[in-house]
Structure formats: structure tokens, C-alpha cells
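# Structure assessment
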Amino acid sequence: MSSTNRLVVLAGPTAVGKGTVVADVRGSHPEVWLSASATTRAPRPGEVDGEHYLFVDDAEFDRMIVAGDLLEWAVVHGRHRYGTPRGPVEAALASGRPALLEIDLQGARQVKAAMPEALFVFLKPPSWDELVRRLVGRGTETEAERERRLETARQELAAESEFDVTIVNREVHAAAEQLVELLGSPTSQP
Ligand code: 5GP
């Protein structure tokens with residue numbers, strides 16, 4: 001009933017393809033507001049500061065925590081810090097726009113504690129073997145890193161029951177459209 005019902009939080013195991021699904025939503029549904037997380041990791045080629053992420057240093061991230069600027073934050077894959085700036089989420093919801101957060105499981109749990117009225121969506125691979133294939137297919141991690149991520153993925157898959165809805169990521173665009181439907185946004189822009 002309230003506009004906060006339109007906040008959708010997407011999480012799921014590592015390498016399930018959350019980023020790709022969100023990129024599809026970004027391309028097809030400009031009416032959906034996507035949160036730009038603050039992160040201490042370096043930008044990758046093609047990533048735009050302020051659009052995909054707010055790239056900040058450790059001191060700035062510390063400042064945001066202390067100031068209470070983050071709705072949630074977490075250290076992801078034991079490395080860098082990522083957090084959701086609170087103000088822009090509140091502004092998007094106040095304007096009635098469907099709003100989407102793509103964050104890790106630790107972050108989703110924090111948002112659930114702070115905003116239990118949000119809709120929590122779990123993105124799941126078609127199978128465990130498929131998840132392993134996607135993780136290995138990336139080819140960007142060392143063997144030790146891959147093992148660490150697989151262990152994390154095992155634990156993350158077990159969290160499905162904490163979520164309101166599950167989407168199986170068989171095909172990226174189809175998964176993105178299911179997500180948009182949950183956001184309650186129109187299928188075509190006026
Ligand atoms: P990447 O560095 O590959 O863009 O993202 C790595 C992970 O960080 C993804 O699993 C993504 O869900 C997570 N992540 C991105 N932004 C946030 C955030 O604001 N908060 C939390 N908790 N996780 C995030």
C-alpha cells in the first residue's frame with residue numbers, strides 16, 4: 001500500500017548473474033530506479049562513477065558509515081566494502097518510482113531488518129552444476145579464490161527460504177522481465 005512496497009531487493013549466490021540481470025533491466029526499463037552502491041573497489045573498464053557505483057576510498061566509506069549515510073553495508077568476498085546510500089533510496093521511494101537494490105546476502109539481511117516491508121527476491125541458478133560452470137567460466141579467479149567463492153555460494157544457496165520470491169536465472173532477459181513485473185512497473189514506457 002505504501003510506496004515502500006515498491007522497493008525490491010535482489011540477492012543470490014555469487015556468479016548467479018545478478019549483475020547481468022540488472023544490466024538488462026537498466027537497458028530495457030529506464031523507469032526503474034537502480035541504486036548506485038558505494039564501493040571501495042576500483043572501477044572496471046566501462047563502469048561510470050555515480051551510475052554503476054560511487055567509487056570511494058576507505059576514508060570516505062568510513063565517513064559515510066559514521067554519518068549514518070548507508071542503509072546497509074558489507075565486506076564482500078572478504079575484500080572490498082560495498083554499501084547502499086540511504087538518501088537516494090528514500091528519495092526514489094518518495095517519488096513513487098520502482099526501486100531496485102542488487103546487493104549481497106549480508107546486505108539483504110540488513111535491509112530486511114531495517115525495511116521488512118520491502119520485497120526480497122532470490123536469484124537462483126538452474127542447478128548447482130550450472131552455477132559451478134558459470135563460476136569457472138568467468139576464468140578470472142585463481143583456484144583458491146574459486147574454492148572460496150564456491151564455499152560462499154553453497155552457504156548463500158541455503159538462504160533461499162529467507163526470501164519472499166525466487167527467480168530462476170535460466171535466461172537473462174526472461175529473469176529481468178520477471179523482476180520488473182515484481183517491481184510493479186509498466187512493461188512499456190509512456
Ligand atoms: P562486483 O564487485 O562484482 O560489482 O560486485 C560484487 C558483489 O557485491 C555482488 O555480489 C553484489 O551483489 C555486491 N554488492 C554490490 N553493491 C552492494 C551494496 O551496496 N551492498 C552490499 N551488501 N553488497 C553489494
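Going by the structure above, here's the rest.
Residues numbered from 1 in each chain as written. Predicted model: local features only at pLDDT ≥ 70, side-chain atom pairs only at ≥ 80, totals over all residues. Heavy atoms only, no water.

## Looking at the site of the ligand
Neighbouring the ligand are 15 residues, the closest being Ser37, Arg41, Tyr53, Tyr82 and Glu102. In the environment of the ligand, an oxygen atom lies 2.6 Å from a nitrogen or oxygen atom belonging to the side chain of Arg41. Here an oxygen atom of the ligand sits 3.0 Å away from a polar atom, N or O, in the side chain of Arg44. For the ligand, whose accessible area on its own is 520 Å², the fraction buried by protein is 88%. Only strand S5 (70-76) and strand S6 (80-85) provide two or more residues apiece to the shell around the ligand. Residues belonging to the shell around the ligand are distributed by class as follows: five nonpolar, four polar and six charged. (Near = heavy atom within 4 Å. Polar contact = N/O pair within 3.5 Å; in protein donor to acceptor, adjacent residues only side chain to side chain. Areas by Shrake-Rupley, 256 points an atom, 1.4 Å probe, with all protein chains shown as cover. Helix = DSSP H or I, 4+ residues; strand = E, 2+ residues; numbered from the N terminus. Nonpolar A, V, L, I, M, F, W, Y, C, P; charged D, E, K, R; others polar.)

## Some words on the sheet that holds strand S7 (residues 99-102)
Taking strand neighbours across the sheet as the criterion, the five strands line up as S2-S7-S1-S8-S9 in an open arrangement whose pairing is parallel. Every interior strand has two partners, whereas the edge strands, strand S2 (33-34) and strand S9 (165-168), have only one. As defined by bridge partners, strand S1 (residues 7-11) adjoins strand S8 (residues 119-124) across four bridges and the pair is classed as parallel. In the strand pairing of S8, Ala11 is matched with Phe122. Strands in contact with helix H7 (residues 172-183) are S1, S7, S8 and S9; relative to S9, the strand with the most contacts, it is inclined by about 155 degrees. (Pairing = 2+ DSSP bridges. Contact = heavy atoms within 4.5 Å. Axes fitted to C-alpha atoms, helices over the stretch in contact; angles between N-to-C directions.)

## Describing the packing of aromatic side chains
Throughout the structure, instances matching the rule amount to four aromatic pairs. Ring plane angle 55 degrees and centroid distance 5.1 Å describe the contact between Phe122 and Phe163, whose orientation is recorded as tilted. Here the residue Phe122 occupies a position in strand S8, and Phe163 occupies one in the loop between helix H6 (143-157) and S9, the gap between them amounting to 41 residues. There is no split in this pair, since Phe122 and Phe163 are both buried. Of the aromatic side chains, those joined through ring pairs into one cluster are Tyr53, Phe55 and Tyr82. In this arrangement the basic side chain of Arg81 is found over the ring face of Trp73, its NZ or CZ atom lying 5.9 Å from the centre. The residue whose ring lies beneath Lys112 is Phe120, and the NZ or CZ to ring-centre distance is 5.7 Å. (Phe/Tyr/Trp six-rings, centres within 6.5 Å; stacked < 30°, edge-to-face > 60°. Buried < 20%, exposed > 50% of the residue type's maximum accessible area, 1.4 Å probe, protein only. Lys NZ or Arg CZ within 6 Å of the ring centre and 35° of its normal.)

## So, the sheet that holds S5
Strand pairing within a sheet occurs via backbone hydrogen bonds; the two strands may be parallel or antiparallel. If you trace the four strands from one edge of the open sheet to the other, you get S4-S3-S6-S5, paired in mixed fashion. The two strands at the open ends of the sheet, each matched to only one other strand, are strand S4 (53-55) and S5. Averaged over all neighbouring strand pairs, the angle between strand axes comes to 25 degrees, with direction disregarded. Where S5 and S6 come together, six bridges link them in antiparallel fashion.

## Describing the nonpolar core
With 22 residues, the main nonpolar core has Leu10, Leu100, Leu123 and Leu179 as its most contacted residues. Those elements that provide at least two residues to this core are S1, helix H1 (18-28), S8, helix H5 (128-138), H6 and H7. Residue contributions to this core peak at five residues, all from H7. Counting residues in hydrophobic clusters, the runner-up holds 20 residues, among them Leu7, Leu105, Val111 and Phe120. (Core = buried A, V, L, I, M, F, W, Y, C linked by side-chain atoms within 4.5 Å.)

## Let's talk about the pattern of salt bridges
Under the defined criterion, the tally for this structure stands at 13 salt bridges. Between Glu130 and Arg134 there is a salt bridge, and its shortest N-O distance comes to 2.9 Å. Taken as a pair, Glu130 and Arg134 lie in helix H5 at a separation of four residues, close to a single helical turn. Of the two residues, Glu130 and Arg134, both sit in the buried class. Between Arg154 and Glu151 there is a salt bridge, with its nearest N and O atoms 3.0 Å apart. On the criterion of helical spacing, the pair formed by Arg154 and Glu151 is a turn pair, its members being three residues apart in helix H6. Residue Arg154 is classed as partly exposed on the basis of its relative accessible area of 41%. Looking at Glu151, the relative accessible area reads 36%, which means it is partly exposed. It is possible to trace a salt-bridge network through shared partners that takes in Asp58, Asp62 and Arg81. (Salt bridge = Lys/Arg side-chain N within 4 Å of Asp/Glu carboxyl O.)

Distances and angles like these do not, on their own, reveal function.
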